[in-house]
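Letter by letter, the chains look like this.
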Amino acid sequence: MGKTLSEKILSEKSGTDARAGDIVIASVDLVFVQDTTGPLTIRQFKEVKHGRLANPQRTAIFLDHAVPSPNRQLSNDHQFLRRFAEDNECRIFEGGTGICHQLVAEMFANPGDIIVGADSHTVTAGGLGTFATGMGSSDVAVAFALGKTWFRVPETFKISISGRFRKWVGAKDLIIHLIGVLGADGATYKALEFDGQTVSNMSISERLTVANMAVEAGAKVGIFPSDNVTQRFLTVQGRGNKYSALRPDTYANYERTIIINASELEPMVAVPHTVDNVTPVSMLAGTKIDQVFIGTCTNGRLEDLAMAAAILRRKKRHPSVRLIIAPASQQILTKAMKIGYIQVLVAAGAVILPPGCAACLGLHQGVLGDNEVCLSTANRNFKGRMGNPEASIYLASPATAAASALTGEITDPRKVL
Amino acid sequence: MADTILKGKAFRFGDNISTDHIIPGKYAHLRSDLPELAKHVMEDADPNFVEKVKSGDFIVAGKNFGLGSSREHAALVIKMAGVSAILAKSVARIFFRNAINQGLPTLICDTDKIDAGDKLEVNLTRGTITDLTKDVQLTFGKIPKVMLDILNEGGLIPYIAKHGDFEL
């Protein structure tokens, strides 16, 4: 019997013949925390007997959730993290460098690697063929100390995608649609493995968007095979030598296969307050919004900003809508300035925030007021997510978000162009 | 060894209770002040939960409890509130590991028959849940051995501090 991508990677890293359902101990290629999970992780790490990092250069701290710091307590947490990094000679990425998952994609993740992070969207790196998954701080503290962790080898759902996306329909619409099909717990403990002709034509940016939201269906990983698109991305990022071809075996065992025809997809929206509450944008036309947020580890990449800029060029946001944009990394911000996207977005009335998680998790930079409605390109619309349980969050693509910023209501991007 | 028995009252919650309901991101600044953070546990699902819950009580939920963020603080503040176990139809993956890693029993069972306020008795050793109010007995799904070993040591950090490594 052949192996899925997850079984292949876990076999290699555990030195066993890993099959779905097995419990294995596997080495990790990178282990990381961010600024809101890091302090607890480090306190727990200090309780583990020897208290020394297994691989300091493969241990990373990202300051991204609360940067620049909105208050004294979080500033003190940042101090604590910086001091730990200095004392233990691990990697640290200062506020404004970017969102952890984007920096992991730009600097660390390779096909066949295992990455664990104290953040649920660690799954993002699956776009590069990495077995990457989020864990809590105890698990990550132990991975800090031992350089390994235990995994239950997941069963795999194969997501087979064919057909060409229609104009202004893309990766975000695909993954919102898929979560609607699976349900918010439909893939709990499972791996989602993406395949098919459409996948070969998807950029790394799009693959990262899809992998990022695998966890919103409960999945442990959302993983793509590697190919020449992966190789090109790694080469541009200066680590072409880390490329390896990774494909599932022909006779791998899949628990379930889901077939999606991309050419039939419409722009999709996740409606409050769960991500699996999905509908085509046309059903929501006319829904008034107060804020549009474009950014996050889901949709803060260059292609996303390009999409928004194309729609907003020489136009102005609707006067009753706040438009907030946060590029996912410094590298993206720099490129977006060079090409001119940022200038277009500012001219359209956008507030540009520093690279980071920004308004996504409700602790600063765009907290919603009572009864307000936000259309966001993020990955979660849970009650209270953006700092106020009396507010509502709709999730959509950067194209839908930009179109809606123009009209002040949820709008199909194809209607404004 | 005597059976491990937990006794308390049921606090009912529905499906898809996320870690944002349990402890929202807006309290990130309190994460290094756990007693202060714990005052807000379950706030966005039941604002009075923290005043009502007593040591030993149970959180009884529907499906997909604890979905969302990996913040282990969610499991931690539930434990700090005195909750002795979580009973749910299903539990999100990261939260499940986190709860066990915090030494908080998290049991998968059919919670439909349990109502708010019911008195419950959970026998962890035998795998049974008795609703004393209704005189109904339920069973809960088996916890994988690796997690049971961690739970029996009071959590992952005490487990590794004691054993020095994973012993599967």
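The residue count restarts for each chain, going from 1 along the sequence in the order it is written. Going through the entries in the order they are written, you letter the chains from A and number the ligands from 1. Per-residue local features of the predicted model are confined to residues with pLDDT of at least 70, and side-chain atom pairs are confined, for both listing and counting, to 80 or more; whole-chain, interface and lining totals are unaffected and use all residues.

(A) Representation of the sheet that holds strand β3 (residues 85-88) of chain B within the structure. Residues and elements named next belong to chain B. Pairing between two strands is assigned when DSSP locates at least 2 bridges connecting them. Numbering of helices and strands starts at the N terminus; helices are DSSP runs of H or I of at least 4 residues and strands are runs of E of at least 2. The mixed open sheet is built from 7 strands, whose spatial order is β4-β3-β2-β1-β5-β6-β7. In the strand order of this sheet, the two ends are held by β4 (106-108) and β7 (136-139), each with one partner. Strand after strand, the sheet turns through a mean of 30 degrees between neighbouring axes, direction not considered. Judged from the 4 bridges that link them, strand β2 (residues 58-61) and β3 form a sheet pairing that is parallel. In this analysis an axis means a line fitted to C-alpha atoms, helices contributing only their contacting stretch, and an angle means the value between N-to-C directions, from 0 to 180 degrees.

(B) Spotlight on the interface of chain A and chain B. Once C-beta atoms have been placed from the backbone, residue pairs whose C-beta atoms lie within 7 Å are recorded as contacts. Listed by partner, the interface residues are 47 residues for chain A and 40 residues for chain B. Residue assignment for the side of chain A that touches chain B shows that the elements contributing at least two residues are β1 (23-27), α2 (38-47), α3 (72-88) and α5 (137-146) of chain A. With 6 residues, the top contributor of residues to the side of chain A that touches chain B is α5 of chain A. Amino acid classes used here: Ala, Val, Leu, Ile, Met, Phe, Trp, Tyr, Cys and Pro are nonpolar; Asp, Glu, Lys and Arg are charged; the rest, including Gly, are polar. Counted by class, the side of chain A that touches chain B contains 19 nonpolar, 18 polar and 10 charged residues.

(C) Geometry of helix α4 (residues 73-80) of chain B. Exposure is read from a count of other C-beta atoms within 10 Å of each residue's own; the residue is exposed at 12 or fewer, buried at 20 or more and partly exposed in between. C-beta atoms are placed from the backbone. For α4 of chain B, the buried fraction is high: 6 of the 8 residues fall into the buried class. Among the residues of α4 of chain B, those classed as buried are His73, Ala74, Ala75, Leu76, Val77 and Ile78 of chain B. Contact partners of the buried residues in α4 of chain B: α2 of chain A together with α1 (19-22), α2 (34-38), β2, β3 and α5 (93-101) of chain B. The first or second residue beyond α4 of chain B is Gly82 of chain B, which carries a positive phi of 105 degrees.

(D) Region of interest: the packing of helix α6 (residues 171-182) of chain A against helix α8 (residues 204-212) of chain A. Residues and elements named next belong to chain A. Two numbers describe how α6 lies on α8: the axes approach to 9 Å, and their chain directions differ by 20 degrees. One element, α6, and the other, α8, form an angle in the roughly parallel class. Handedness of the α6/α8 crossing: right-handed. Mapping the contact onto sequence places Ala171, Lys172, Leu174 and Ile175 in α6 and Glu206, Thr209 and Val210 in α8. Class assignment of the residues belonging to the contact of α6 with α8 gives a composition of 4 nonpolar, 1 polar and 2 charged. When describing relative orientation, an angle under 35 degrees is termed roughly parallel and one over 145 degrees roughly antiparallel, while 65 to 115 degrees is termed roughly perpendicular and anything else oblique. The hand of a helix crossing depends on one turn: near helix anticlockwise from the far one by less than a right angle means left-handed, and clockwise means right-handed.

(E) Seen up close, unusual backbone geometry. Residues and elements named next belong to chain A. In this structure, Pro68 follows Val67 across a cis peptide bond, with omega equal to -20 degrees. One can find Pro68 in the loop between β3 (59-62) and α3. Cis geometry marks the peptide bond from Pro272 to His273, where omega comes out at 0 degrees. Summarising the element assignment, His273 is placed in the loop between β12 (268-270) and β13 (278-280). A positive phi angle, near 70 degrees, is found at Trp168, a position not held by glycine.

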